[in-house]
Amino acid sequence: METVTLDDVDRGLAHALQVDGRAPMRTLGEVLGVSENTVARRYRRLREAGVLRVTGAVTGGEIGYTTWTLRLRTTPDAGAAVADALADRADVSWVHLLSGGTEISCTVHAPGSAGRDDLLLHKLPRASRVTAVSAHELLHTFALPDGWSGLHCLTPEQVARLRPPPPDGTGVRPEPEDQALFDALAADGRASYTALAAATGWSDSTVRRRMEVLRRHGTLTYQLDVSPARLGFRSETRLWLAVSPARLAEAGETLASHPETSFAVATTGTTNLTAMVNCRDGRDLYRYLTDRVAGIRGVRTLESASVIRTVKRAGTPLRRPAARP
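This is a predicted model, so every value here is computed, not measured. Residue indices begin from 1 for each chain and proceed along its sequence in written order. Two thresholds apply to this predicted model, a pLDDT of at least 70 for residue-level local features and 80 or more for giving and counting side-chain atom pairs, whereas whole-chain, interface and lining totals are computed over all residues. Neither water nor hydrogens contribute to the side-chain values; these are computed over all heavy atoms in the structure.

Colleague: Describe the nonpolar core, and please don't skip the residues or the numbers.
Modeller: Note on terminology: a nonpolar core comprises buried Ala, Val, Leu, Ile, Met, Phe, Trp, Tyr and Cys residues joined through side-chain atoms within 4.5 Å. Burial classes follow relative accessibility: with a 1.4 Å probe on protein chains only, a residue under 20% of its type's maximum area counts as buried, one over 50% as exposed, and anything between as partly exposed. Leu17, Leu28, Leu52, Leu162, Leu196, Met211 and Leu231 are the most contacted members of the largest nonpolar core, which has 40 residues in total. Helix and strand definitions follow DSSP, with helices as H or I runs of at least four residues and strands as E runs of at least two, each counted in order from the N terminus. By residue number, the principal contributor to this core is helix α1 (residues 8-19), which donates five residues. Aside from chain neighbours lying at most four places away, what touches Leu28 is Leu13, Ala16, Leu17, Ala23, Val39, Leu162 and Arg190. It only takes one pair of heavy atoms within 4.5 Å for two residues to be counted as in contact.

Written out as structure tokens, the structure reads:
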């Protein structure tokens, strides 16, 4: 996979889209000190290269959803197929095929016990090629992928100009007719109102109003979906840590403060802290684990598994290009 080098404008754009993925191109240009056309051209180039994209997502916590992280083991011939099947589910995100191709990690957003039980108690255990399932409920978030600090470069003043008003936290439960809007935003969080109107059958003004309501109440968010591997971080690694309960909050906050960390959450289970870290290569990962992670107080055990393929991140599945004849 070819590595893409970002210049100052590209990096500034990436950080700006972390702050507000739906910010107008004109605003982005003003903050970055370049023209609106330059910003639009840079975003289009980076998106087409597979480096980044903006996706729209429903924030489950605001409307009573529970979130689980799953760890699955499969038979040697089934890992890719099971990962693809999970990625096709609307309630599943961040699907990674891990080292050896027989292990999968993913995140499940369950609207209630019925949806959770359907997947965890019925569908997965009955799949003949799934040999083990471990499910951990997310209890507290320390770091999320769309806030990965590996690209941070803007000044506090620039960030303040971009940051949208915080949601009021009341949450608005989505209506069935919202699904077409969510599907379109999962594919392209910066889609125009005209394109979204075509996808939903609504008018431009109706789309705009509904998006504003959902965002204002914290139900709809916009996330920057970045490919660390395309930026030279070729060692993406999932970590599972068992931490002393008395040290769990401290350990999570310490881990989240590392620029390598793109995801860190406290969970239920025998391992109670799960993370994703991005390093340049295996040697960089070794130094990170033996130096930075080893120094975190309260860590009792550590398991790690390298990502060999990311099937789905925040938005729609990332399909592999078709093989050339």
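Colleague: Could you give an account of the pairing of strand β8 (residues 261-267), naming the residues involved and the relevant values?
Modeller: Extensive coverage of β8 is indicated by the burial of seven of its seven residues. With four bridges joining them, strand β5 (residues 130-143) and β8 adopt antiparallel strand pairing. Bridging from a neighbouring strand, His140 pairs with Ala266 of β8. We call two strands paired when DSSP finds no fewer than two bridges between them. Pairing analysis gives five bridges linking β8 to strand β9 (residues 273-279), with the strands arranged antiparallel. Within β9, the residue paired with Ala264 across the bridge is Ala275. Between β8 and β9, which pair antiparallel and follow one another directly, the connecting turn spans five residues, one of which, Gly269, has a positive phi of 110 degrees.

Colleague: Report on the sheet that holds β5, specifying residues and quantitative values.
Modeller: What the eight strands build is a closed barrel, ordered β2-β4-β3-β10-β7-β9-β8-β5; its pairing is antiparallel. The average angle at which neighbouring strand axes cross in this sheet is 35 degrees, direction not considered. The sheet strands contacting helix α4 (residues 79-87) are β2 (66-74), β3 (92-98), β4 (103-110), β5 and β10 (299-312), and the helix crosses β3 at an angle near 170 degrees. Note on method: axes are straight lines fitted to C-alpha atoms, helices fitted across the in-contact stretch only, with angles between N-to-C directions ranging 0 to 180 degrees.

Colleague: Before we move on, can you summarise the side chain of Asp91 with the specific residues and values?
Modeller: With respect to the secondary-structure elements, Asp91 resides in the loop between α4 and β3. You can call Asp91 buried: its relative accessible area is 17%.

Colleague: Lay out the packing of helix α7 (residues 179-187) against helix α9 (residues 204-216) in plain terms, naming residues and giving numbers.
Modeller: Where α7 meets α9, the closest approach of the two axes is 12 Å, and the angle between their N-to-C directions is 80 degrees. Relative to α9, the element α7 lies roughly perpendicular. Listed contacts from α9 to Leu181, Phe182 and Leu185 of α7 are Val207, Arg210, Met211 and Leu214. All amino acids are sorted into three groups, where Ala, Val, Leu, Ile, Met, Phe, Trp, Tyr, Cys and Pro are nonpolar, Asp, Glu, Lys and Arg are charged, and the leftover types, Gly among them, are polar. Residues belonging to the contact of α7 with α9 are distributed by class as follows: six nonpolar, no polar and one charged. Note on terminology: angles under 35 degrees are roughly parallel, angles over 145 are roughly antiparallel, angles of 65 to 115 are roughly perpendicular, and the others are oblique.

Colleague: Which residues make up the side chain of Arg238, and what values do they have?
Modeller: Here Arg238 is to be found in strand β7 (residues 235-243). A residue counts as positive if it is Lys or Arg and as negative if it is Asp or Glu; His and the chain ends are not included. The salt bridge criterion pairs a side-chain nitrogen of Lys or Arg with a carboxyl oxygen of Asp or Glu, the two atoms within 4 Å. Although Arg238 lies buried, it forms no salt bridge, and the closest oppositely charged side chain, Glu103, sits 8.4 Å away as judged by the N-O distance. In protein, a polar contact means a hydrogen-donor-capable atom and an acceptor-capable atom, both N or O and within 3.5 Å, with residues adjacent in sequence counting only if both atoms are side-chain atoms; elsewhere, any N or O pair within 3.5 Å suffices. At a separation of 2.9 Å, a polar atom in the side chain of Arg238 contacts the side chain of Thr69. Residues in contact with Arg238, not counting those within four places in the same chain, are Thr69, Leu98, Ser105, Phe263, Thr274, Ala275, Met276, Glu303, Ser304 and Ala305.

Colleague: Account for unusual backbone geometry, with residues named and values stated.
Modeller: You will see that Trp94, though not glycine, has its phi angle at about 50 degrees, which is positive. By the element assignment, Trp94 lies in strand β3. In this structure Trp94 comes out as buried when scored by relative accessible area, which is 18%.

Colleague: Describe the pattern of salt bridges, with residues and values.
Modeller: A complete count under the given rule lists 16 salt bridges for this structure. Where Arg42 meets Asp10, a salt bridge forms, and the shortest distance between an N and an O atom there is 3.0 Å. Residue Arg42 is found in helix α3 (residues 36-48), and its partner Asp10 is found in helix α1; the two are separated by 32 residues along the sequence. Neither Arg42 nor Asp10 differs from the other in exposure class; each is buried. Across the salt bridge formed by Arg215 and Asp20, the nearest N and O atoms sit 2.7 Å from each other. Here Arg215, found in helix α9, pairs with Asp20, found in the loop between α1 and α2 (25-32); they are 195 residues apart in sequence, far enough to count as distant. Judged by relative accessible area, which is 25%, Arg215 ranks as partly exposed. With a relative accessible area of 8%, Asp20 lands in the buried category. Among the charged side chains, a network of salt bridges with common partners joins Asp7, Asp10, Arg42 and Arg45.

Colleague: Report on the pairing of β10, specifying residues and quantitative values.
Modeller: Bridge count between β3 and β10: four bridges; the pairing is antiparallel. Bridging from a neighbouring strand, Leu98 pairs with Val307 of β10. Direction of pairing for β7 relative to β10: antiparallel, over a ladder of seven bridges. The partner of Thr237 across the bridge, within β10, is Ser306.

Keep in mind these numbers describe shape, not what the thing actually does.
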